[in-house]
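Architecture and fold: a report
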2 protein chains.
Amino acid sequence: MQAIAVRRGGDRPVRIEKPRPEPGSGEALVRTLRVGIDGTDHEVIDGSHGGFPDGEDHLVLGHEAVGVVEDPNGTDLEEGDVVVPTVRRRPNGENEYFARGEPDYAPDGQYHERGIVGAHGFMSEYFTSPAEYLVEIPEELADLGFLVEPASISEKAFALAFAARSAFDWQPETAAVLGNGSLGLLTLAMLDASDRFERLYCLGRRDRPDPTIDVIDDLGATYVDSRETPVDEIPDVHEPIDFVYEATGYAPHAFQTVDALAPNGVGALLGVPGDWEFEVDGGAIHRELVLHNKALVGSVNSGVSDFEAGVDTLLGLDDAFLDDLVTGVYGLDELDAAFATDDSTIKTAVEFGRR
Amino acid sequence: MQAIAVRRGGDRPVRIEKPRPEPGSGEALVRTLRVGIDGTDHEVIDGSHGGFPDGEDHLVLGHEAVGVVEDPNGTDLEEGDVVVPTVRRRPNGENEYFARGEPDYAPDGQYHERGIVGAHGFMSEYFTSPAEYLVEIPEELADLGFLVEPASISEKAFALAFAARSAFDWQPETAAVLGNGSLGLLTLAMLDASDRFERLYCLGRRDRPDPTIDVIDDLGATYVDSRETPVDEIPDVHEPIDFVYEATGYAPHAFQTVDALAPNGVGALLGVPGDWEFEVDGGAIHRELVLHNKALVGSVNSGVSDFEAGVDTLLGLDDAFLDDLVTGVYGLDELDAAFATDDSTIKTAVEFGRR
């Protein structure tokens, strides 16, 4: 079968031939439909994130997949079920986090992530997976099923952040997404659909005309150009923000978020920056967290319940938004377009097969 | 009646004479038993925190009180009820936080704090209070009722911190209190009594022999000398910490807490430092919060439900611990001893009357 991989020492995705996998006990065989591409894939390709499976000279890419069960292999799934796989897998042997069904809470080194670190991804015509990590989705979502994984990332961050405000009567009105990449825009639409916030903001650093700013406008949100309005000045220029969702990986944003927040607000951090020493007014940040009951919550990866929540949320999003978000679905012979990072590209996927 | 106050321009507590207050509509008159002293009182006295009531040349001190209802004045209270007052009061006019019974979530400027900012405290032979801010406590707790307010501070911080971990199956084993002042030690005992943690740590910067280290030892906790083991090295020297409670007001601790935490851990911040610019590895802090689902939660003041929880917790604490914690209860003619800050003083109170 055909697959898309990065080779050791390589710096771009390539097509390779691999044997079709055989499902082991408790695993199903899935025929791949589409696999989405995100910033993490680019980091894996350029070698700044993730790692190869032991003893392998390549890593099959892709962690945002949707497929059709080809062979249930004795699991509870049925042939033809449309499924989305979760990403984390047991590394070698069991650990407590996998044992209690929360692999997304396993610490560094106690998991593999398919397509990212230690295990092949889903960018191949077929893949196998333990049935427990395959989330069944409605057939109507099959074409956009590659959005379930990124949606699940935000569902988990929402759950963690809102739980952090559940000890009191939190009455948020405003939310801001830091970052206008595909995850940022998807999250903005999810927040819009949640009807939980009255006014939404989205931060970027691009000039109009720009397709991501058009999406922000169409969602009724306010575009904030971080070159003009730094994150910590959002309250002065616009208004204090009850919920900040950071999806830039730009470390100063984690600290500026404290000032951007309204009293009793919460910031969800999702970016993964490298080491970077810089000066902060640590006293003011500490004091502001305390005196206004603010919280910062980090969130990584996602679990089955987050995938299920993501499915429900995606079903409620506007078709027009989804059309604008997904700027291209490409075949195996169009990898340059699929992995493009120009300003006209928002979200892309590679198509491996049709239902 | 007699009261203890700080005068504008003054830098120490003084005894003054004031008229006995008359309860207004919805208010009860309370005869004061004891009022505890904490670090905030010292900050108020030295002028680094809080502020005088409008138009007054003095501020009656004290926010940790216990008293007996002298005149219910038509409220639901009864004469002889033992009560503890909460601290925050409406400033001028209503606001949404007071309206929904959560004054501890009101932002800066939308509250007075009795004995701290904008309103006289409880260090007088009598005080009045709206009945809604008087929490009835069991008579057996009357002598130590001045500990209910500080206990409520930690109850609120626990509630916020543990809520922040309620979105998943959190299984904490270790907790560390940063700070061996009276609030730190009381919190350590509360964590011990909660049976939620298997191993406890408490950070200080004192040499043995020391009464606070004795208390830490007696609680079965491990003393961590921050001069030898900085907060961010606790995992290497001891073990990663699931719950960190910061009660030092030392701003670097807020940031070092992220490294002290175990995966999926939470830090509650309670200190109130001044401005202080310093360098941090902001990239590493941001990344660590994200990749290990860590959280930081600020917490200030407390509400009626926290006071009620504090009462329950105090009833379960060991008498031996409480004896060691309260190093002195002094009369109005012993203010030097009551407000002492030497290393043999842990927690003190001023006694205004007896039941």
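Keep in mind the model is a prediction, meaning the values are calculated, not measured. (Residues numbered from 1 in each chain as written. Chains lettered and ligands numbered in written order. Predicted model: local features only at pLDDT ≥ 70, side-chain atom pairs only at ≥ 80, totals over all residues. Heavy atoms only, no water.)

Residue and element names in this part refer to chain A. Between helix α7 (residues 251-260) and helix α8 (residues 282-291), the least distance of the axes is 9 Å, while the angle of their chain directions is 50°. With respect to their mutual orientation, α7 and α8 come out oblique. Viewed along their axes, α7 and α8 form a crossing whose handedness is left-handed. Contact residues: α7 offers Phe255, Val258 and Asp259, while α8 offers Ile285, Glu288 and Leu289. Here the contact of α7 with α8 is built from residues that sort into four nonpolar, no polar and two charged. (Axes fitted to C-alpha atoms, helices over the stretch in contact; angles between N-to-C directions. Helix = DSSP H or I, 4+ residues; strand = E, 2+ residues; numbered from the N terminus. Parallel < 35°, antiparallel > 145°, perpendicular 65-115°, else oblique. Left-handed = near helix turned anticlockwise from the far one by under 90°. Contact = heavy atoms within 4.5 Å. Nonpolar A, V, L, I, M, F, W, Y, C, P; charged D, E, K, R; others polar.)

This part is about the pattern of salt bridges. A full pass over the atoms with the stated rule returns 44 salt bridges over all chains. Residues arginine 100 of chain A and aspartate 169 of chain B are paired through a salt bridge, measuring 3.8 Å at the closest nitrogen-oxygen approach. Here arginine 100 of chain A is found in the loop between α2 (96-99) and β8 (112-114), whereas its partner aspartate 169 of chain B is found in the loop between α3 (148-163) and β12 (174-178) on a different chain. Each of Glu96, Arg100 and Glu102 of chain A together with Asp169 of chain B takes part in a single network of salt bridges with overlapping partners. (Salt bridge = Lys/Arg side-chain N within 4 Å of Asp/Glu carboxyl O.)

Mapping chain A onto chain B calls for a screw motion: a turn of 180° about the axis and a shift of 0.0 Å along it, with 0.0 Å RMSD after fitting. Taken together, these values place the two copies in the relation of a two-fold axis. Both copies share a contact surface, since 100% of the interface residues of chain A are interface residues in chain B too. (Least-squares fit on C-alpha atoms with pLDDT ≥ 70 in both.)

Turning to the interface of chain A and chain B, a few remarks are in order. Many authors give the size of an interface as the accessible area that is lost as the parts come together. Facing the 57 residues of chain A at the interface are 58 residues of chain B. Roughly 4600 Å² of surface becomes buried between chain A and chain B when both sides are summed, with 58% attributable to carbon and sulfur atoms. Of all residues in chain A, His286, Val290 and Asn293 of chain A bury the most surface against chain B, accounting for 13% of the area lost on that side. Scanning the region where chain A abuts chain B turns up four salt bridges. Remark: the boundary between chain A and chain B carries 33 residue pairs in polar contact (both at pLDDT 80 or more). Residue assignment for the side of chain A that touches chain B shows that the elements contributing at least two residues are α3 (148-163), α7, β16 (261-269), β17 (277-281), α8 and β18 (295-298) of chain A. With nine residues, the single largest contributor to the side of chain A that touches chain B is α8 of chain A. Residue composition of the side of chain A that touches chain B, by class: 30 nonpolar, 13 polar and 14 charged. The sheet contact formed by β17 of chain A and strand β17 (residues 277-281) of chain B spans five bridges and is antiparallel. When the sheet's bridge partners are listed, phenylalanine 278 of chain A is paired in β17 of chain B with valine 280 of chain B. (Buried area = accessible area lost by both parts, 1.4 Å probe. Polar contact = N/O pair within 3.5 Å; in protein donor to acceptor, adjacent residues only side chain to side chain. Pairing = 2+ DSSP bridges.)

Attention now moves to the pairing of β12 of chain B. Residue and element names in this part refer to chain B. Counting buried residues in β12 gives five out of five residues, a clear majority hidden from the surface. Burial along β12 is two-sided: Thr174, Ala176 and Leu178 facing one way and Ala175 and Val177 facing the other are all buried. Alignment of β12 against strand β13 (residues 199-204), held across five bridges, turns out to be parallel. Bridging across to β13, alanine 176 finds its partner in tyrosine 201. On the question of chirality, the crossover connecting β12 to the parallel β13 by way of helix α4 (residues 182-194) is right-handed. (Buried < 20%, exposed > 50% of the residue type's maximum accessible area, 1.4 Å probe, protein only. Right-handed = clockwise from strand over helix to strand, strands pointing away.)

Once that is clear, we can look at the packing of aromatic side chains. Residue and element names in this part refer to chain A. Tallying each qualifying case throughout the model produces 25 aromatic pairs over all chains. Measuring from ring centre to ring centre gives 5.1 Å for tryptophan 276 and phenylalanine 278, while their planes differ by 70°; the resulting arrangement is edge-to-face. We classify tryptophan 276 as partly exposed; its relative accessible area is 36%. Using a relative accessible area of 12% as the deciding quantity, one classes phenylalanine 278 as buried. (Phe/Tyr/Trp six-rings, centres within 6.5 Å; stacked < 30°, edge-to-face > 60°.)

Here we take up unusual backbone geometry. A cis geometry characterises the amide bond from arginine 208 of chain A onward to proline 209 of chain A, with omega recorded as -5°. With respect to the helices and strands, proline 209 of chain A occurs in the loop between β13 (199-204) and α5 (211-218). Phi is positive for asparagine 264 of chain B, close to 70°, though the residue is something other than glycine. Positive phi, normally seen in glycine, also occurs at asparagine 301 of chain B, with a value near 55°. You can see asparagine 301 of chain B is positioned in the loop between β18 (295-298) and α9 (304-315). Note on asparagine 301 of chain B: relative accessible area 8%, which makes it buried.

All names here are of chain B. Mapping phenylalanine 146 onto the fold places it in the loop between β11 (134-136) and α3. A relative accessible area of 0% places phenylalanine 146 in the buried class. In this structure, the C-alpha to C-alpha distance between phenylalanine 146 and arginine 90, residues 56 residues apart in sequence, is 22 Å. Every residue in contact with phenylalanine 146, bar those within four places of it in the chain, is listed here: Arg34, Val35, Gly36, Glu64, Val66, Val326, Lys347, Thr348 and Ala349.

A separate point is empty space enclosed by the protein. All told, the structure shown has one cavity of 30 Å³ or more when counted by the stated rule. If you add up the space inside the largest cavity, you get close to 80 Å³. Looking at the largest cavity, the residues that line it are Ala254, Phe255, Val258, Ile285, Leu289 and Leu296 of chain A together with Ala254, Phe255, Ile285, His286, Leu289 and Leu296 of chain B. Only α7 and α8 of chain A together with α7 (251-260) and α8 (282-291) of chain B provide two or more residues apiece to the lining of the largest cavity. By residue class, the composition of the lining of the largest cavity is eleven nonpolar, one polar and no charged. (1 Å grid on protein atoms, 1.4 Å probe; cavity = no way out; pocket = protein on both sides within 12 Å on 5 of 7 lines; lining within 4 Å. Points joined across faces, edges and corners; volume = space filled by probe spheres on them.)

Pairing is mixed in the open sheet, where twelve strands are placed in the order β14(A)-β13(A)-β12(A)-β15(A)-β16(A)-β18(A)-β18(B)-β16(B)-β15(B)-β12(B)-β13(B)-β14(B). Two strands lie at the open edges of the sheet, namely β14 (222-225) of chain A together with β14 (222-225) of chain B, each paired on one side alone. Each adjacent strand pair in this sheet contributes to an overall mean axis angle of 20°, direction not counted. Each of β12 (174-178), β13, β15 (241-246), β16 and β18 of chain A touches α7 of chain A; the most contacted strand, β16 of chain A, lies at about 155° to it. Packing against the sheet, α3 of chain B makes contact with β15 (241-246), β16 (261-269) and β18 of chain B, and its axis sits at approximately 140° to β15 of chain B.

For the rest of this paragraph, the subject is the domain arrangement of chain A. Residues and elements named next belong to chain A. Here chain A is described as being made up of domain 1 (2-136 + 326-351) and domain 2 (152-298). Between the C-alpha centres of domain 1 and domain 2 there is a distance of 29 Å. On the domain 2 side, the residues contacting the six residues of domain 1 number nine residues. Of the roughly 660 Å² buried where domain 1 meets domain 2, counting both sides, 57% is carbon and sulfur surface. Together, Tyr105, Asp343 and Ile346 form the three largest contributors to the area buried by domain 1 at its contact with domain 2, with a combined 68%. Here domain 1 and domain 2 share two salt bridges between them. If you look at where domain 1 meets domain 2, you find two residue pairs in polar contact (both at pLDDT 80 or more). (Domains from an automatic or database assignment.)

In the numbering adopted here, UniProt assigns the feature "domain: Alcohol dehydrogenase-like N-terminal" (unreviewed entry) to residues 24-139 of chain A. This span, residues 24-139 of chain A, is 9% helix and 35% strand, and a straight line between its end C-alpha atoms measures 26 Å. (UniProt positions renumbered as here; feature names shortened; annotations may be inferred.)

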